[in-house]
Amino acid sequence: MKVKQFILGGIETNTYVVYDDDKCIVIDPPFDNFDTVERFVDQMNLQPVAVVLTHGHFDHCGGAQKLASKYNVDIWAHPNDWHLAQSAEFNLWRMPCNNAYPTKQLTEDVTQIQGFDVQVLHTPGHTEGSVCLILGDVMFAGDTLFCRSVGRTDLADSDPQKMVQSLAKLKAIKQDYVVYSGHGVSTVLSDEQKNNPYLKLL
Ligand SMILES: [Zn+2]
């Protein structure tokens, strides 16, 4: 399994293409620079088999519908965030966006996405339907965990108390993972457990 990172969209969202020899899933595609992902997929001769959202914020899902329609695949997202993805155009920042209409529920009992083994951790806080996804030795943390920081909990769909519980859940993980977040640089879970100011306190 390989991971290609793109930094795309108006507020520099990390989009990830997770791929093997011939198929891929696309995580968090934003509205603009869609063709960058498309070009990579075509150049590498990959068949997209799913679009996956770490949460329903507009900057993570604006390109999802276009991709899903083009490749005729499902959009996977936690059901608690479907309403956000479906009303992405009403984002606070009034940035250009497209609604996305998820078709598969990305809950903790999901263990496979079209042939890719996955572990889903429901980590509400930044939004009610935020998830962290583990594929191989990599964790895709969305806007829950960043390098030395965590996601905002002052937004309409945030819940600071649930965020604390979700961060405690991440702190308790014994296995180590490379962490790819929704924004900013990648990090390592054990390093964040020790040095992230928000996790250190727990
Ligand atoms: Zn977000």
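Further up the page is the structure itself.
Residues numbered from 1 in each chain as written. Predicted model: local features only at pLDDT ≥ 70, side-chain atom pairs only at ≥ 80, totals over all residues. Heavy atoms only, no water.

**Section: the nonpolar core**
Ranked by size, the top nonpolar core spans 26 residues in total, and within it Val17, Val37, Leu46, Val51, Leu53 and Ile75 carry the most contacts. Among the nonpolar cores identified, the runner-up in size contains 20 residues, and Tyr16, Leu106, Val110 and Val118 belong to it. (Core = buried A, V, L, I, M, F, W, Y, C linked by side-chain atoms within 4.5 Å. Buried < 20%, exposed > 50% of the residue type's maximum accessible area, 1.4 Å probe, protein only.)

**Details of unusual backbone geometry**
Phi is positive for Asn72, close to 55°, though the residue is something other than glycine. Look at Asn72 and you get exposed, because its relative accessible area is 71%. With a phi close to 65°, Arg148 is a non-glycine residue in the positive phi region. Among the structural elements, Arg148 can be located in the loop between β12 (145-146) and β13 (149-150). (Helix = DSSP H or I, 4+ residues; strand = E, 2+ residues; numbered from the N terminus.)

**Digging into the sheet that holds strand β3 (residues 23-27)**
In space, the 6 strands of this open sheet follow the order β1-β2-β3-β4-β5-β6, with mixed pairing throughout. Bordering the open sheet on either side are β1 (2-8) and β6 (104-105), each of which pairs with just one other strand. Across 5 bridges, the pairing between β3 and strand β4 (residues 47-52) is parallel. Paired with Ile25 across the bridge in β4 is Ala50. Contacting β1, β2 (13-19), β3 and β4, helix α1 (residues 34-43) runs over the sheet at an angle of about 155° to β1. Those strands touched by helix α3 (residues 64-71) are β3, β4 and β5 (75-77), and its axis lies near 145° from that of β4. (Pairing = 2+ DSSP bridges. Contact = heavy atoms within 4.5 Å. Axes fitted to C-alpha atoms, helices over the stretch in contact; angles between N-to-C directions.)

**Some points on the coordination of the zinc ion**
Listed as protein donors to the zinc ion are His55 (NE2), His57 (ND1), His126 (NE2) and Asp143 (OD); their distances from the metal cover 2.2 to 2.4 Å. In this structure, the zinc ion is coordinated by 4 donor atoms arranged in irregular fashion, with angles at the metal of 86 to 173°. (Donors = N, O, S within 2.8 Å, 3.2 Å for Na, K, Ca; no water. Tetrahedral: all angles 85-135°; square planar, octahedral: opposite > 155°, others 65-115°.)

**Quick notes on the sheet that holds strand β9 (residues 119-122)**
Sheet architecture is open: 5 strands sit in the order β9-β10-β11-β14-β15, paired in mixed fashion. Of all the strands in the sheet, just β9 and β15 (187-188) have a single pairing partner and so form its edges. Judged from the 4 bridges that link them, β9 and strand β10 (residues 131-135) form a sheet pairing that is antiparallel. In the strand pairing of β10, Val120 is matched with Leu133.

**Some words on the packing of aromatic side chains**
Within the structure shown, the criterion is met by 5 aromatic pairs. A ring pair is formed by Tyr16 and Tyr180, whose centres lie 5.1 Å apart and whose planes are at 45°; its orientation type is tilted. In this pair, Tyr16 is assigned in strand β2 and Tyr180 in strand β14 (residues 178-181), connecting sequence segments 164 residues apart. Look at Tyr16 and you get buried, because its relative accessible area is 3%. Taken together, a centroid distance of 5.8 Å and an interplanar angle of 25° make the contact between Phe140 and Tyr180 stacked. Here Tyr180 lies in strand β14 and Phe140 lies in strand β11 (residues 138-142), a separation of 40 residues in the sequence. Taking relative accessible area as the criterion, Tyr180 reaches 18% and is therefore assigned buried. Through a chain of ring-to-ring contacts, the aromatic side chains of Phe6, Tyr19 and Phe40 assemble into a single cluster. Lys4 extends its terminal NZ or CZ atom over the ring of Phe6, reaching a point 5.7 Å from the ring centre. (Phe/Tyr/Trp six-rings, centres within 6.5 Å; stacked < 30°, edge-to-face > 60°. Lys NZ or Arg CZ within 6 Å of the ring centre and 35° of its normal.)

**Considering the side chain of Ser130**
Relative to the assigned elements, Ser130 resides in the loop between β9 and β10. Apart from the residues lying within four places of it in its own chain, the contact partners of Ser130 are Thr54, His55, Asp81, Leu121, His122, Thr123, Pro124 and Thr144.

**Examining the environment of Phe116**
The residue Phe116 is located in strand β8 (residues 116-117) in this model. Judged by relative accessible area, Phe116 falls into the buried class, the value being 5%. C-alpha of Phe116 to C-alpha of Asp28: the two residues are 88 residues apart in sequence and 16 Å apart in space. Ignoring any residue separated from it by four or fewer positions in sequence, one finds Phe116 in contact with Val18, Tyr19, Asp20, Lys23, Cys24, Ile25, Val49, Thr111 and Leu135.

On their own, these measurements won't tell you what the molecule is for.
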